[in-house]
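Summary of structural features
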Amino acid sequence: MAETIRWTYAFIDRPRKDFARACDFWTAVTGTKPSAPRGDQDEFVTLLPDGTDPCLKAQGIDTGEGGAHLDLAVEDLPALVESARRLGAEVVADHDDEGWAVLRSPGGQLFCAVGRHGESARPPVIQGPTGATSRLDQVCVDVPPARYEAEVAFWSALTGWESRPGALPEFHLVKPPAGLPVRILLQRLGTAGPASAHLDLACSDIEAVRAHHEGLGATAVSRGARWIVMRDPVGGTYCLTGRDPETGGLPAQAELLAPGPHGPSGPGASVSSG
């Protein structure tokens, strides 16, 4: 039986030299405020919502271009680490005495197992200047073809969440129970390469949200059927998707689609938990 995931965090990983500017952008678009920095080099901040529990954190990294990773919060940290190992993950750094561990999935994506600290109240959706709403609610893991099936099996088994394919074979959704703030989308890339991850926001009106983000320094890169690929002011890739920010679902009658491949999210980046 999977160790119950009690909370999820999406981590925004950005180069240390650009970290302050990245945090300014992400706090603005998520309606949060940065916590006091922590870590040996002040490399971690939590993005704090007003009146609810946080589900977003940011890390300044020394190598790589940055990207995203997941933190899975549980009551029994050693049990989750052992479960992940049995399912094929590699332990990169074990800090059980400090309440966290860094692991690498079978497909090569880094993530963290962390202890839960009572988180339970999900932050609300954010309303922009035009009334359009959005919510950062998804980490998309971009997986090379040879490792895709193993990665789908791994995340499905590790979380124990609802797991179902998308409308096309290269997409797969691992959806948490109601109340957990971040879900997992897996997409099979068209070419070999390292695994990576990026962030997705659900948007009631992606064009209005795009304009708001561009006003804060982001840039639109490309467009799909229900998404826009963006770069934040320091070059980090993310996607705006046409989904209901309240539920994460697509509009009625629409089939599940996902953002297309956006390239690596910094395979050389280090991942920690803070």
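Here the structure is a predicted model, which means the values were calculated and not measured. (Residues numbered from 1 in each chain as written. Predicted model: local features only at pLDDT ≥ 70, side-chain atom pairs only at ≥ 80, totals over all residues. Heavy atoms only, no water.)

Some words on the overall build of the protein chain
Quick reminder of the rule: The way it works is that DSSP assigns letters per residue, a run of H or I at least four long becomes a helix, a run of E at least two long becomes a strand, and they are numbered from the N terminus. We compute the radius of gyration over the C-alpha atoms and compare it with the globule rule, which gives 2.2 Å times the number of residues raised to the power 0.38. With a 1.4 Å probe rolled over the protein chains alone, any residue whose accessible area is under 20% of its type maximum counts as buried; one over 50% counts as exposed, and the rest are partly exposed. Areas reported as accessible are Shrake-Rupley estimates using a 1.4 Å probe. Residue values count occlusion only from the protein chains shown. Positive charges come from Lys and Arg alone, negative charges from Asp and Glu alone, with His and the N- and C-terminal ends not counted. A single reference atom marks each charge: NZ on Lys, CZ on Arg, CG on Asp, CD on Glu.
From N to C terminus, the protein chain includes four helices and 17 strands. Since a compact globule built from 274 residues should have a radius of gyration of about 19 Å, the 17 Å found for the protein chain is in line with a globular shape. Overall, the protein chain is about 45 × 45 × 35 Å in size when its C-alpha atoms are taken along their principal axes. Counting over 274 residues, the protein chain shows a buried share of 53%. Working note: accessible area of the protein chain is about 11500 Å², and carbon and sulfur atoms make up 50% of it. In the protein chain, which carries 24 positive and 35 negative side-chain charges, the distance between the mean positions of the two groups comes to 4 Å.

Regarding the nonpolar core
Heads up, the condition is: The definition of a nonpolar core used throughout is a set of buried Ala, Val, Leu, Ile, Met, Phe, Trp, Tyr and Cys residues joined through side-chain atoms within 4.5 Å. Should any heavy atoms of two residues lie within 4.5 Å, those residues are considered in contact.
Ranked by internal contacts, the top residues of the largest apolar core, which has 62 residues, are W26, W155, L186, L199 and Y238. Not counting residues up to four positions away in its chain, the partners in contact with L186 are V141, V143, Y148, E151, V152, W155, E170, F171, H172 and V174.

Brief notes about the packing of aromatic side chains
Note the following rule: The rule is short: rings of Phe, Tyr and Trp, with Trp giving its six-membered ring, pair when the centres are within 6.5 Å, and they are stacked under 30 degrees, edge-to-face over 60, tilted in between.
Summed over all chains, the structure comprises seven aromatic pairs. An angle of 85° between the planes, with centres 5.2 Å apart, marks the rings of F25 and W26 as edge-to-face. Judged by its relative accessible area of 2%, F25 is buried. On the accessibility criterion, W26 (1% relative accessible area) is buried. An angle of 50° between the planes, with centres 6.1 Å apart, marks the rings of F25 and Y238 as tilted. Linking F25 in helix 1 (residues 19-30) with Y238 in strand 17 (residues 237-241), this pair joins segments that are 213 residues apart in sequence.

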